[in-house]
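Structural features, examined
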Amino acid sequence: NDTLVWSEGFGYADLEQRVPATPLTRFRIGSVSKPLTSIALGLLVQEGRLDLDAPVQRYVPSFPVKRWPITTRELAGHLAGIRHYRDDEFAIMRHYATVLDGLSIFERDTLLFEPGTRFSYSSYGWNLVSAVIEGASGEPFLAFMAHRVFGPMGMVHTVPEFADSLIPWRARFYVHADSTSPPRNAPYVDNSYKWAGGGFMSTSEDLARFGRNLLDGRLLRPETLALLWTSQRTTDGKETGYGMGWGISRDPAGRRWVGHTGGAMGGTAFLFIYPDQRLVVALLVNSDRTFLAAVPRIARRFLPRGD
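Computed from a predicted model, the values in this text were never measured in an experiment.

**Some remarks on the pairing of strand β10 (residues 267–274)**
Along β10, eight of the eight residues are buried, which leaves the element largely enclosed by surrounding structure. Neither face of β10 is exposed, since G267, A269, L271 and I273 on one face and T268, F270, F272 and Y274 on the opposite face are all buried. In this structure, strand β9 (residues 256–264) lies alongside β10, joined through seven bridges in antiparallel fashion. Considered in β10, the bridge of G263 is made with T268. In textbook terms, the turn of a hairpin is the stretch between consecutive antiparallel strands, and for β9 and β10 this stretch comprises two residues, one of which, G266, has a positive phi near 75 degrees. Here β10 pairs with strand β11 (residues 279–285) via seven bridges, running antiparallel. Counterpart to A269 in the pairing with β11 is L284. What sits between the antiparallel neighbours β10 and β11 is a turn of four residues, in which R278 has the positive phi angle 55 degrees.

This is how it looks when you write it as structure tokens:
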């Protein structure tokens, strides 16, 4: 209901220096970058500058033509047949100067299936989405996100993670060999190849603010938000449980939620919105251990009495 009711940091942003985590700590949000990017799609659709069902080559002429046409709607719903990470691609250290440069990792690969026939999660599909946003808007992707999404949403702590830049309050990141091993420093990565699908940093309060402003109708009209928050279907009519940048489901009590999880090198992220109860829950961790089970427990603490 538009009020920040709880915000707290636990543990350390930096284990070695014993720097506590706080609500200002910036974490890698991984695939929670996709819901943020989806707002850019919604804006361009709203403004009549993007046709979700046009072949992607209308907006990205350099992308190779495949056996079947690919649309932005299919890309945004993981229905396009674009592959996901392979081998060590999650740990890429090379810097990619532009969005189009990053497409070179996968653009020559064969589609996994005919678009629309299957759901197959693909962060690389969202790399191509960011190139579509550039083509439809006529602006660099990061610039568009900064002044059309993050600025109007009041997300002053949400930024792309440039590996060579000084980013205030950035956490250090940790990985574990297994569930019982102590943490180790995460390997160096450069996330410039995947801004739209997994390259942003944020704070839990920025993500909560983002969810609140969506519920309040900031930037997107209700029908546009409904477009993002409605499950797509495969060609045989089966719901995928995923709209455009958002997972869609119901909890055991039947309450509808939309949201996303994120995994980054040394980080996990969670953003869940209960639209009918007007509740937003954001949880960010500088570890590759999952804390997914904590999110519904937190949500139940703050859902209206009787829900």
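The discussion continues.
**Thoughts on the packing of aromatic side chains**
Applying the stated criterion across every chain, the model contains 15 aromatic pairs. Aromatic pair Y85 and F90: ring centres 5.3 Å apart, planes at 65 degrees, arrangement edge-to-face. Residue class for F90 comes out partly exposed when judged on its relative accessible area of 26%. A centroid spacing of 5.9 Å and a plane angle of 50 degrees characterise the contact between F119 and Y242, whose relative ring orientation is tilted. Residue F119 is found in the loop between α3 (99–103) and α4 (123–137), and its partner Y242 is found in the loop between α8 (222–228) and β8 (247–250); the two are separated by 123 residues along the sequence. Overall, F119 belongs to the partly exposed group, its relative accessible area being 33%. By way of ring pairs, the aromatic residues F63, Y85, F90, Y96, F106, Y124 and Y193 are connected into one cluster.

**With respect to the sheet that holds strand β7 (residues 200–202)**
The three strands are arranged β3-β7-β4 in an open sheet whose pairing can be described as antiparallel. Edge positions in the sheet fall to β3 (27–28) and β4 (159–160), since each has one partner strand and no second. In this sheet, β7 lies alongside β4 in antiparallel orientation, the contact comprising two bridges. When the bridges of β7 are listed, P160 appears paired with F200.

**As for helix α5 (residues 141–150)**
Of the positions making up α5, those classed as buried are F141, F144, M145, R148, V149 and F150. The buried residues of α5 occupy an angular sector of 150 degrees when the element is viewed end-on, so they sit on one face. At its buried positions, α5 is contacted by α1 (33–46), α3, α4, α6 (195–198) and β7.

Thresholds, definitions, all that
- Residues numbered from 1 in each chain as written.
- Predicted model: local features only at pLDDT ≥ 70, side-chain atom pairs only at ≥ 80, totals over all residues.
- Heavy atoms only, no water.
- Buried < 20%, exposed > 50% of the residue type's maximum accessible area, 1.4 Å probe, protein only.
- Helix = DSSP H or I, 4+ residues; strand = E, 2+ residues; numbered from the N terminus.
- Pairing = 2+ DSSP bridges.
- Phe/Tyr/Trp six-rings, centres within 6.5 Å; stacked < 30°, edge-to-face > 60°.
- Arc of directions from axis to C-beta.
- Contact = heavy atoms within 4.5 Å.

Read these as layout, nothing more, since geometry by itself doesn't imply function.
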